[in-house]
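What follows is the residue order along each chain.
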Amino acid sequence: MTDTTHYPSIDYHSAQWTGAPRIGGTAVALTSHRYDQDEVASTLASVGGPEFMRFAQSSGVQTRSLALPLSRYPVLSGFTEANDTYIRVAVDLGERAVRSALEAAHVAPHEVDAIVMVSSTGVAVPTVDARVASRIGLRPDVKRIPLFGLGCVAGAAGMARVHDYLRGFPSDVAVLLSVELCSLTLQRDDTSIPALIGACLFGDGAAAVVVTGADRVPASPTSPRGPAVLATRSRLFPDTIDVMGWNVSSAGFGLVMSRDVPHMADNYLRDEVDRFLGDHGLTVGDISTWICHPGGPKVIDAIDRAIALPPEANAHSRNSLRENGNFSSASVLDVLDRTLATPPEPGSLGVLLAMGPGFSFELILLGW
């Protein structure tokens, strides 16, 4: 069957970005349980042993938020208690993030037509988005698109799926919600190197993004006009399922993280970026802003090397990692939120990117 759908064409060298959805508002929600890395390391050293301290000092993380008070983690009874906590905290954080993003976008809850929800650190049925919807007053006919299992790449992948939806329904409003409570996956009996790195690196939090279709009429002339979401690219690499992910057992989620993660950026990222931009008549030199998932110090360094970026290009990513840890799919949305706080020059282009299980890349082209 031939696809006869015709989307409006976009001139990528024009600041008009006709036909593209636009980001209207972003928000990040963190818990009140904030700790510096020394506190976390001291409390969890009994779980991870002496190696834990070494990983903590090299993680690039100084502070982060946790779902629970730090003293609770050594005595969590198991997966059931951890997952019950995930549902309770995720719904609270999700509600705060969505409410704040809607307020920033000047959009009322009843105007939302679709919500994409991403998470990989807990299980909830009904999903977190359904529980949030009734709290904040989304319409009963809102389209719900929960996505599980994409890991760190899910913030970018969720943005891509929001873009796809709004190209098909250009008069609609869509919300992306990411909630990740990585600390609740801690397993006291797992002292493997990936588990220790994860306990030192990951944090907890939520982020939300409100995106409006190209035909959506702004509520007022003063409504914020964020960047246009111009194009997306997904890349799944065969035979890489063991690079990153979860081993799921009766104990919960056990982290899988190969040493090959930074090498995936070193070996493949530049080629994917060049192909993606080349499809739209662009090169790396046309991109002034990079919004990269802060997977860890080595991952950020690998991205810099692969694309030949100056150190300042990923300043927001490093700051996000230092202040909040890597909170999986929500982290790249935190970097987006920081970028929009001091937006680039009108007419400039940016790329939002993340890597995750699969192994996979997601690339998004933005225009201001």
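Parameters at a glance
- Residues numbered from 1 in each chain as written.
- Predicted model: local features only at pLDDT ≥ 70, side-chain atom pairs only at ≥ 80, totals over all residues.
- Heavy atoms only, no water.
- Helix = DSSP H or I, 4+ residues; strand = E, 2+ residues; numbered from the N terminus.
- Rg over C-alpha atoms; globule rule 2.2 N^0.38 Å.
- Buried < 20%, exposed > 50% of the residue type's maximum accessible area, 1.4 Å probe, protein only.
- Contact = heavy atoms within 4.5 Å.
- Areas by Shrake-Rupley, 256 points an atom, 1.4 Å probe, with all protein chains shown as cover.
- UniProt positions renumbered as here; feature names shortened; annotations may be inferred.
- Patch = residues over 30% accessible without salt bridge, like charges linked within 9 Å, V, L, I, M, F, W, Y side chains within 5 Å.
- Salt bridge = Lys/Arg side-chain N within 4 Å of Asp/Glu carboxyl O.
- Domains from an automatic or database assignment.
- Polar contact = N/O pair within 3.5 Å; in protein donor to acceptor, adjacent residues only side chain to side chain.
- Axes fitted to C-alpha atoms, helices over the stretch in contact; angles between N-to-C directions.
- Parallel < 35°, antiparallel > 145°, perpendicular 65-115°, else oblique.
- Left-handed = near helix turned anticlockwise from the far one by under 90°.
- Nonpolar A, V, L, I, M, F, W, Y, C, P; charged D, E, K, R; others polar.
- Core = buried A, V, L, I, M, F, W, Y, C linked by side-chain atoms within 4.5 Å.

Regarding the overall build of the chain
So, point 1. Helices and strands together make up the secondary structure of the chain, namely 10 helices and 13 strands.
So, point 2. On C-alpha atoms alone, the chain measures out to a radius of gyration of 20 Å, which is about the 21 Å that the 2.2 N^0.38 rule sets for 368 residues.
So, point 3. Expressed along its principal axes, the backbone C-alpha trace of the chain runs to roughly 60 × 45 × 45 Å.
So, point 4. A burial count over the chain gives 56% of its 368 residues as buried.
So, point 5. Across the chain, the fraction of contacts at a sequence separation of at least 24, relative to all contacts at a separation of at least 6, is 80%.
So, point 6. Total accessible area computed for the chain in this model is approximately 15400 Å², and 53% of it derives from carbon and sulfur atoms.

A few points about the UniProt feature "domain: Chalcone/stilbene synthase C-terminal" (unreviewed entry) in the chain
So, point 1. Mapped onto the present numbering, the UniProt feature "domain: Chalcone/stilbene synthase C-terminal" (unreviewed entry) falls at residues 234-366.
So, point 2. The straight-line gap between the two end C-alpha atoms of residues 234-366 is 15 Å; of that span, 39% is helix and 27% is strand.

Concerning a nonpolar patch on the surface
So, point 1. A grouping of Val 123, Val 125 and Phe 148 is seen on the molecular surface, where their side chains present a nonpolar patch of about 320 Å² in accessible area.
So, point 2. Along the chain, the position of Phe 148 falls in strand E5 (residues 143-148).

Quick look at the domain arrangement of the chain
So, point 1. Splitting the chain by domain gives domain 1 (22-212) and domain 2 (227-367).
So, point 2. In this complex, domain 1 contributes 54 residues to the contact, which on the side of domain 2 involves 46 residues.
So, point 3. At the junction of domain 1 with domain 2, the criterion picks out one salt bridge.
So, point 4. Arg 161 serves as the salt-bridge partner of Glu 362, at 3.9 Å between the closest nitrogen and oxygen.
So, point 5. Linking domain 1 with domain 2 are 14 residue pairs in polar contact (both at pLDDT 80 or more), by the criterion used here.

A short note on the packing of helix H9 (residues 315-324) against helix H10 (residues 329-341)
So, point 1. Closest axis-to-axis distance for the H9/H10 pair is 9 Å, and the angle between their directions is 120°. By the angle class used here, H9 and H10 are oblique. In this structure, H9 crosses over H10, and the sense of that crossing is right-handed. Contacts from His 316, Ser 317, Asn 319, Ser 320, Glu 323 and Asn 324 of H9 reach H10 at Ser 331, Asp 334, Val 335, Arg 338 and Thr 339.
So, point 2. The residue makeup of the contact of H9 with H10, split by class, is one nonpolar, seven polar and three charged.

Considerations on unusual backbone geometry
If a residue is not glycine, its phi is most likely negative; likewise, a peptide bond is most likely trans.
So, point 1. Cis geometry marks the peptide bond from Val 125 to Pro 126; its omega dihedral reads 0°.
So, point 2. Along the polypeptide, Pro 126 turns up in the loop between strand E4 (114-119) and helix H4 (128-136).
So, point 3. With omega at -10°, the peptide bond leading from Gly 358 into Phe 359 counts as cis.
So, point 4. Looking at where Phe 359 falls in the secondary structure, it is placed in the loop between strand E12 (349-356) and strand E13 (360-367).
So, point 5. Here the phi dihedral of Asp 239 falls at roughly 60°; this positive angle occurs in a residue that is not glycine.
So, point 6. Positive phi is not limited to glycine here, since Ser 328 has a value of about 50°.

So, the nonpolar core
So, point 1. Grouped together as the largest cluster of nonpolar side chains are 43 residues, with contacts concentrated most on Tyr 73, Val 128, Leu 177, Leu 181 and Leu 184.
So, point 2. Listing elements by their share of this core, those giving two or more residues are strand E1 (22-29), helix H1 (37-48), helix H3 (79-105), E4, H4, strand E6 (173-181) and strand E7 (204-212).
So, point 3. Ignoring anything within four residues of it in the chain, the contact list for Val 128 reads Tyr 86, Ala 90, Val 91, Met 117 and Leu 177.
So, point 4. Residues Val 243, Met 264, Ala 265 and Leu 365 belong to the second largest nonpolar core, which totals 34 residues.

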